[in-house]
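What follows is each chain in one-letter form.
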Amino acid sequence: MIQRRHLVLASASPRRLDLLGALGVPFAVRPADLDETPHPDEPADRYVGRLAIEKAQAVARPGELVLAADTTVALDGEILGKPLDADDAVNMLTRLVGRPHQVHTGMALVDGSTGTVLEHIVDTTQVFMRAADAETIGWYVRTGEPLDKAGSYGLQGIGAVLVDRIDGNAHTVVGLTMTVVHRWLQLHLTGVDSSVTNLPSWRVS
């Protein structure tokens, strides 16, 4: 059990910052700068799981508890990362609309003093996209929102208009499964089984 450690989020994602910040737990932000190229024939779920661990370990320092995550979209087993440009975003969305796909988010919690992986999980949500036409796809891409999103859409933003329904956790699609993070921090940050409403009273130093 780790107590009174500085919590660090190894991500610059605004979505993850907002989600973790909503818990009211003080944390620092230290993004990891890694080569995120998938290994040959690496399955999407293993890919995000590996990157989450590597990101956390890359930025970890003694006296810290480091949380990292990585999210990707997979269609028929193919990893769809962030689009290269607007045309690439249109191509991705054209493939996705009207079909189900998977969003995998890997998360890892690492002891900064030893580099030990304390917790590790890959959570998957099935997303069912509605049958949007080319005009709708073009309109969405012109908003600029898809350009920094895996799979070229954001469930938490305007991209929600393209989604018919999901089977799983919406926060997994956004990039950080909060039910999992909450449980991990209860166990490793305080050792107290508190509720979400008690989280803002946690003391991290």
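Residues numbered from 1 in each chain as written. Predicted model: local features only at pLDDT ≥ 70, side-chain atom pairs only at ≥ 80, totals over all residues. Heavy atoms only, no water.

Draft legend 1. A look at the packing of aromatic side chains. In this structure the tally under the stated criterion is 0 aromatic pairs. The residue whose ring lies beneath R165 is F128, and the NZ or CZ to ring-centre distance is 3.8 Å. (Phe/Tyr/Trp six-rings, centres within 6.5 Å; stacked < 30°, edge-to-face > 60°. Lys NZ or Arg CZ within 6 Å of the ring centre and 35° of its normal.)

Draft legend 2. Examining the pairing of strand β5 (residues 100–111) more closely. Burial within β5 is extensive, with 10 of its 12 residues counted as buried. Examined bridge by bridge, β5 and strand β6 (residues 117–129) share 11 bridges and lie antiparallel to one another. Residue pairing for β6: P100 is matched across the bridge by F128. (Buried < 20%, exposed > 50% of the residue type's maximum accessible area, 1.4 Å probe, protein only. Helix = DSSP H or I, 4+ residues; strand = E, 2+ residues; numbered from the N terminus. Pairing = 2+ DSSP bridges.)

Draft legend 3. Highlighting the environment of T172. For T172, the location among the structural elements is in helix α5 (residues 170–174). Assessed through its relative accessible area of 0%, T172 is described here as buried. Residues T172 and T124, 48 residues apart in the sequence, show an inter-C-alpha distance of 6.9 Å. Apart from residues lying up to four places away in sequence, T172 is in contact with T71, V103, T105, D123, T124, T125 and T177. Reaching out from T172, the side chain makes a polar contact with the side chain of T177 at a distance of 2.7 Å. (Contact = heavy atoms within 4.5 Å. Polar contact = N/O pair within 3.5 Å; in protein donor to acceptor, adjacent residues only side chain to side chain.)

Draft legend 4. Structural detail: the environment of P31. Considering the arrangement of structural elements, one finds P31 in the loop between β2 (28–29) and α2 (44–59). For P31, a relative accessible area of 44% gives the class partly exposed. For the pair P31 and A58, spaced 27 residues apart in the sequence, the C-alpha separation amounts to 9.3 Å. With residues near it in sequence (within four places) discarded, P31 still touches L9, A10, S11, A12 and V59.

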